[in-house]
Amino acid sequence: MLMAGGESTTNEQILGREGVNDLDAILLVTNTERDEIIHDVKANSDVIFTWDYERARPNLGKLYEKAKTSQWNGLTDLPWDTQVDTESAFGHLMYMGGVGGEGGGMPVAGTPLEGTIVDKWGEKEWLEFGRESQNWMLSQFMHGEQGALICTAQIVETVPWIDAKYYASTQVMDEARHVEVFAKYLDEKLSGFYPINSHLRMLLDDIVSDSRWDITYLGMQIMVEGLALAAFGFMHQITPEPLLKQLLRYVMSDEARHVAFGVLSLQEFYKQLSDKEMRERQEFAFEAAVRMRDRMLMQEVWDHMGVPVKAAMEMSINNPMQMVFQQMLFSKIVPNCKKLGLLDASGGWLRERYTELGVIQYEDWVDTSAEFEALDEVAKDREAAGATA
């Protein structure tokens with residue numbers, strides 16, 4: 001729940017715990033409904049009609065035109081006949097094991113495993129960990145994409161500008177396609193999917209249930225989609241699996257437009273907000289960042305591997321390579337928050353929090369509103385195909 005802005009607001013009030021890295025508190029948030037099929041969330045927002053059809057926001061109009069021409073078909077535009085060998089495709093995810101490598105039992109990041117809960121693991125365990133990690137990661141992407149599908153449908157209903165309604169309608173189609181392709185990949189190429197992580201579900205519930213349309217934007221377009229865009233880019237770089245690589249290229253093309261949509265819309269709206277209102281948005285951006293960081297601790301995978309989950313998460317959260325990976329996931333979020341004025345409002349409150357999280361170094365990276373066209377891989381492929389026709 002969002003707290004009213006104020007200098008005395010504490011982590012306990014925002015997060016439900018005082019310590020950001022309190023693993024006991026993090027583990028208390030668990031999915032007790034793993035077999036749940038239908039999950040109900042009460043939406044509290046009003047549906048807004050606008051009778052003003054003037055196209056007054058050219059940047060959103062440009063984004064809308066780009067979305068029209070960059071649609072793709074998840075069934076016919078991806079090479080689904082590709083045979084996926086999960087052992088060779090995902091063995092690279094043995095990032096903490098260094099199995100069979102020059103380190104001989106040392107993790108890639110250089111931290112000794114001796115005396116840890118995984119010091120007896122061999123190649124079999126690390127291969128399984130790699131496969132399960134990939135399955136878990138893609139499962140959470142799929143659940144997050146359904147969250148984006150629902151939130152974008154809400155934006156169509158609640159945003160007061162016709163240009164934003166036009167663009168958001170194209171994103172609904174994009175998100176349906178993303179859920180479709182991730183579900184198909186997990187079902188046909190892997191071994192099914194993991195249930196939604198409880199921290200992700202908590203964040204999605206908060207976004208959907210909030211009555212303010214700009215919080216839907218901030219929570220989904222800036223925070224959830226921003227992290228997804230960075231994660232997709234990281235996974236695209238390291239995976240050798242050709243089908244997944246192409247899938248991620250095309251999903252990233254869409255995601256870059258989605259995040260740019262959030263930046264362009266909120267930049268205008270946030271100029272009108274009071275200091276108190278901006279502080280409420282800062283607190284939400286901090287809470288969302290921590291929830292997403294917590295979700296990446298993969299407690300479900302460690303539980304599947306049969307090791308003590310708290311000890312595994314403690315090892316993971318202190319592992320240098322894992323820390324770099326988690327920080328990199330915020331490389332799209334932080335510059336976009338800066339572009340929106342969120343970092344330095346209220347005396348730099350959010351800047352201080354992101355400094356504590358170890359992610360403020362990304363503040364001057366390019367914001368997504370300036371790079372979405374460069375990330376349009378669908379348009380590049382069509383242009384290349386046209387040149388060779």
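As the structure is a prediction and not an experimental result, all values here were calculated from the model.

Analysis parameters
Residues numbered from 1 in each chain as written. Predicted model: local features only at pLDDT ≥ 70, side-chain atom pairs only at ≥ 80, totals over all residues. Heavy atoms only, no water. Buried < 20%, exposed > 50% of the residue type's maximum accessible area, 1.4 Å probe, protein only. Helix = DSSP H or I, 4+ residues; strand = E, 2+ residues; numbered from the N terminus. Contact = heavy atoms within 4.5 Å. 1 Å grid on protein atoms, 1.4 Å probe; cavity = no way out; pocket = protein on both sides within 12 Å on 5 of 7 lines; lining within 4 Å. Points joined across faces, edges and corners; volume = space filled by probe spheres on them. Nonpolar A, V, L, I, M, F, W, Y, C, P; charged D, E, K, R; others polar. Salt bridge = Lys/Arg side-chain N within 4 Å of Asp/Glu carboxyl O. Polar contact = N/O pair within 3.5 Å; in protein donor to acceptor, adjacent residues only side chain to side chain. Phe/Tyr/Trp six-rings, centres within 6.5 Å; stacked < 30°, edge-to-face > 60°. Lys NZ or Arg CZ within 6 Å of the ring centre and 35° of its normal.

1. Quick look at helix α12 (residues 309-317)
Argument step 1. Taken as a whole, α12 has its buried residues at Val309, Ala312, Met313, Met315, Ser316 and Ile317.
Argument step 2. Buried residues along α12 sit against α2 (23-28), α10 (275-295), α11 (299-304) and α13 (320-328).

2. Focus on the layout of surface pockets
Argument step 1. Roughly 680 Å³ of volume is contained in the largest pocket.
Argument step 2. Lining the largest pocket are 25 residues, and of these Ile37, His39, His143, Gln146 and Ile196 lie nearest its centre.
Argument step 3. Broken down by secondary-structure element, the contributors of at least two residues to the lining of the largest pocket are α5 (123-158) and α7 (198-209).
Argument step 4. Looking at which element gives the most residues to the lining of the largest pocket, the answer is α5, with six residues.
Argument step 5. Partitioned by chemical class, the residues of the lining of the largest pocket number twelve nonpolar, six polar and seven charged.

3. Some remarks on the side chain of Asp174
Argument step 1. Checked against the element boundaries, Asp174 lands in helix α6 (residues 162-188).
Argument step 2. Taking the relative accessible area as the measure of exposure, Asp174 reaches 0% and is therefore buried.
Argument step 3. Filtering out sequence-adjacent residues up to four positions away, Asp174 remains in contact with Gln71, Tyr167, Asp254, Arg257 and His258.

4. Focus: the pattern of salt bridges
Argument step 1. Counted according to the given criterion, the structure contains 30 salt bridges.
Argument step 2. The closest approach of N and O atoms between Arg57 and Glu268, which form a salt bridge, is 2.9 Å. Placement of Arg57 in the loop between α2 and α3 (58-69) and of Glu268 in helix α9 (residues 242-270) is noted, with a sequence separation of 211 residues between them.
Argument step 3. What makes Glu268 partly exposed here is its relative accessible area of 29%.
Argument step 4. Lys338 serves as the salt-bridge partner of Glu363, at 3.0 Å between the closest nitrogen and oxygen. A residue pair is termed long-range when its members are at least 10 positions apart, and Glu363 in the loop between α15 (345-356) and α16 (377-388) and Lys338 in helix α14 (residues 333-339) qualify at 25 residues.
Argument step 5. Residues joined in a network through salt bridges with shared partners are Asp210, Arg212, Asp214, Lys276, Glu280 and Arg281.

5. Some thoughts on the side chain of Arg291
Argument step 1. The residue Arg291 is located in helix α10 in this model.
Argument step 2. From its side chain, Arg291 meets the backbone oxygen of Leu15 in a polar contact 2.8 Å long.
Argument step 3. Ignoring anything within four residues of it in the chain, the contact list for Arg291 reads Ile14, Leu15, Arg17, His199, Met202 and Leu203.

6. Description of empty space enclosed by the protein
Argument step 1. All chains considered together, the criterion is met by one cavity of 30 Å³ or more.
Argument step 2. What lines the largest cavity is simply Gln140, Phe141, Gly144, Glu145, Val224, Glu225, Leu227, Ala228, Phe232 and Arg295.
Argument step 3. The set of elements that each furnish at least two residues to the lining of the largest cavity consists of α5 and α8 (213-238).
Argument step 4. Among the elements that take part in the lining of the largest cavity, α8 stands out by supplying five residues, more than any other.
Argument step 5. Of the residues contributing to the lining of the largest cavity, the split by class is five nonpolar, two polar and three charged.

7. Here we look at the environment of Thr30
Argument step 1. Counting through the fold element by element, Thr30 comes out in the loop between α2 and α3.
Argument step 2. Here Thr30 falls in the partly exposed class, since its relative accessible area comes to 40%.
Argument step 3. Separated by 35 residues in sequence, Thr30 and Glu65 have C-alpha atoms that sit 42 Å apart.
Argument step 4. Aside from chain neighbours lying at most four places away, what touches Thr30 is Ser198 and Gln299.

8. So, the packing of aromatic side chains
Argument step 1. In total, this model carries 20 aromatic pairs according to the counting rule given.
Argument step 2. Judged by centre distance (4.8 Å) and plane angle (75°), the rings of Trp121 and Trp126 are edge-to-face.
Argument step 3. By relative accessible area, Trp121 is classed as buried at 15%.
Argument step 4. A relative accessible area of 1% places Trp126 in the buried class.
Argument step 5. Ring centres of Tyr362 and Trp365 lie 4.9 Å apart, and the angle between their planes is 90°; this geometry places the pair in the edge-to-face category.
Argument step 6. These aromatic residues form a ring-pair network of at least three members: Trp161, Tyr167, Trp213, Tyr217, Phe261, Phe269 and Tyr270.
Argument step 7. One cation-aromatic arrangement involves Lys184 over Trp80; the distance from NZ or CZ to the ring centre is 5.1 Å.

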